[in-house]
Amino acid sequence: MTVSRNLYLALRALRHSTKPRTLWVDAICINQQSNRERSRQVSLMREIYGLVQKTIIWLGEETGESARAVEWISHLTSDNVAAGIVPWETVVRLCRHSWFTRIWVVQEFVVGKIVEYLIGTKFFEVEKLELAVRHLIDEGYIGFMSEGDFGIEETTRVLKMFQLKDRRRPLIISQLLANFHKRGVSVPHDKIYALLGLFTDLNLDANLPTSNYDKSFRDVFIEWAMYSLLNEKSLGILHSCEGPRSAPERPSWVPDWSIARTSVVSLREVYPGRSATRGTQSEFSISGGKLTVAGVFISSLERFHFHSMKSILDAAWNNFP
């Protein structure tokens, strides 16, 4: 069979010179041209990554720059993290690797028991990268006060995976889809299917819609929006409905996860334990593609005037005693 150059290099790097080695590679073990096989394999991905002895993440051939990053990361401990010169730009460039931008890698990273990165012939533990990234952020190497390229987006993307792996409390479906919807996919269906293996791990309802690549991604998004609303008994998923849409005919209450947009942070995340509704559940129904929500009429707004942040700050400054 024909494989990509990147996969060929990975197999060469992983091959033992004197003994057999058993590997499971999705690009080889799953027929990517068959929707039926891909649909069936999606439900098995969690089991596969959960049973393997080790998950190895290939980040390509070694370069002078990547060698410096690996050398520094490999020797990190919680005690010596602040010692020596910190090659923060090199670590940020490592975080820019295309592997970190894809959505399928989230599941293999989170579910795998032992996960290691491989660059060229050098391995390093994923925990060392987390230690490195957290150190760079905590010490101000990355952020609005740093010089040059900030690296905020790249390091935040990496930290989100570590936070999900370490998380004890379950994420609700709408949160999980919103957190990772910016990641790259080959088909829009995978914005959801690539995260399926995480739902069981996060103690969510096991009665999830099944994966089916023969469905249009429009129908898949509607199916999952309905499931999220009914499962969470909350309208939280509507946070993801703002902005442009690739298919205007899709119901307005169905997020378009195929378009990358700025995630809206729920106030419940900012102020945990506080709620204007005092924990009451939303009352709504879905029929004929229409979402009907029960509400309470309080008052009407006759006029609205927008004050810019500058005008608010100016007024506050002028009134300062």
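Student: Quick one: what's the story with the overall build of the chain, residue by residue and with numbers?
Tutor: The helix and strand tally for the chain stands at 15 helices and five strands. Burial statistics for the chain: of 321 residues in total, 39% are counted as buried. Counting contacts in the chain only where the partners sit at least 6 residues apart, residues at least 24 apart contribute 67% of the total. Of the roughly 19,800 Å² of accessible surface on the chain, 53% is carried by carbon and sulfur atoms.

Student: Please provide a residue-by-residue account of the pairing of strand β3 (residues 122–125), values included.
Tutor: Relative to β3, strand β2 (residues 115–119) runs antiparallel, the two being bridged by four bridges. Each residue of the ladder has a partner; that of Ile-119, found in β3, is Lys-122. Hairpin connection from β2 to β3: two residues lie between these consecutive antiparallel strands, with Gly-120 at a positive phi of about 65 degrees.

Student: An account of the nonpolar core is requested, with residue identities and associated values reported.
Tutor: Residues Trp-99, Phe-109, Tyr-117, Leu-129 and Trp-224 are the most contacted members of the largest nonpolar core, which totals 65 residues. For this core, the element with the most residues is helix α13 (residues 217–232), which contributes seven residues. When neighbours within four sequence positions are excluded, Tyr-117 is seen to be in contact with Ile-57, Leu-59, Trp-99, Phe-100, Phe-109, Lys-122, Phe-123, Phe-124, Val-126 and Leu-129. Grouped together as the second largest cluster of nonpolar side chains are five residues, Leu-9, Leu-14, Trp-58 and Leu-118 included.

Student: Lay out the environment of Glu-232 with the relevant residues and their values.
Tutor: Among the secondary structure elements, Glu-232 is positioned in helix α13. When its relative accessible area of 15% is taken as the criterion, Glu-232 is described as buried. Apart from the residues within four sequence positions on either side, Glu-232 is in contact with Ile-172, Ile-173 and Ser-174.

Student: Residue-level account of the environment of Ile-114, with values.
Tutor: You can see Ile-114 is positioned in the loop between α7 (104–111) and β2. For Ile-114, a relative accessible area of 44% puts it in the partly exposed group. Not counting chain neighbours up to four residues away, the residues in contact with Ile-114 comprise Gln-53, Lys-54 and Thr-55.

Student: Explain helix α5 (residues 64–74) residue by residue, including any values.
Tutor: For α5, every residue scored as buried is listed here: Ser-66, Ala-67, Ala-69, Val-70, Trp-72 and Ile-73. For α5, the elements touching its buried residues are α6 (88–95), β2, β3 and α8 (126–138).

Student: Go over the packing of aromatic side chains with me, naming the residues and quoting the values.
Tutor: In this description, an aromatic ring pair is defined by two values, namely the gap between the centres and the angle between the planes. Under the defined criterion, the tally for this structure stands at ten aromatic pairs. Ring centres of Trp-24 and Tyr-49 lie 5.9 Å apart, and the angle between their planes is 80 degrees; on these two criteria the pair is classed as edge-to-face. Here Trp-24, found in the loop between α1 (5–14) and α2 (26–29), pairs with Tyr-49, found in helix α4 (residues 45–51); they are 25 residues apart in sequence, far enough to count as distant. The interplanar angle of 85 degrees and the centroid separation of 5.8 Å between the aromatic rings of Trp-99 and Tyr-117 together place this pair among those described as edge-to-face. Placement of the pair is Trp-99 in the loop between α6 and α7 and Tyr-117 in strand β2, with a sequence separation of 18 residues. Accessibility assignment for this pair places Trp-99 and Tyr-117 in one class, buried.

Cut-offs used in this document
Residues numbered from 1 in each chain as written. Predicted model: local features only at pLDDT ≥ 70, side-chain atom pairs only at ≥ 80, totals over all residues. Heavy atoms only, no water. Helix = DSSP H or I, 4+ residues; strand = E, 2+ residues; numbered from the N terminus. Buried < 20%, exposed > 50% of the residue type's maximum accessible area, 1.4 Å probe, protein only. Contact = heavy atoms within 4.5 Å. Areas by Shrake-Rupley, 256 points an atom, 1.4 Å probe, with all protein chains shown as cover. Pairing = 2+ DSSP bridges. Core = buried A, V, L, I, M, F, W, Y, C linked by side-chain atoms within 4.5 Å. Phe/Tyr/Trp six-rings, centres within 6.5 Å; stacked < 30°, edge-to-face > 60°.

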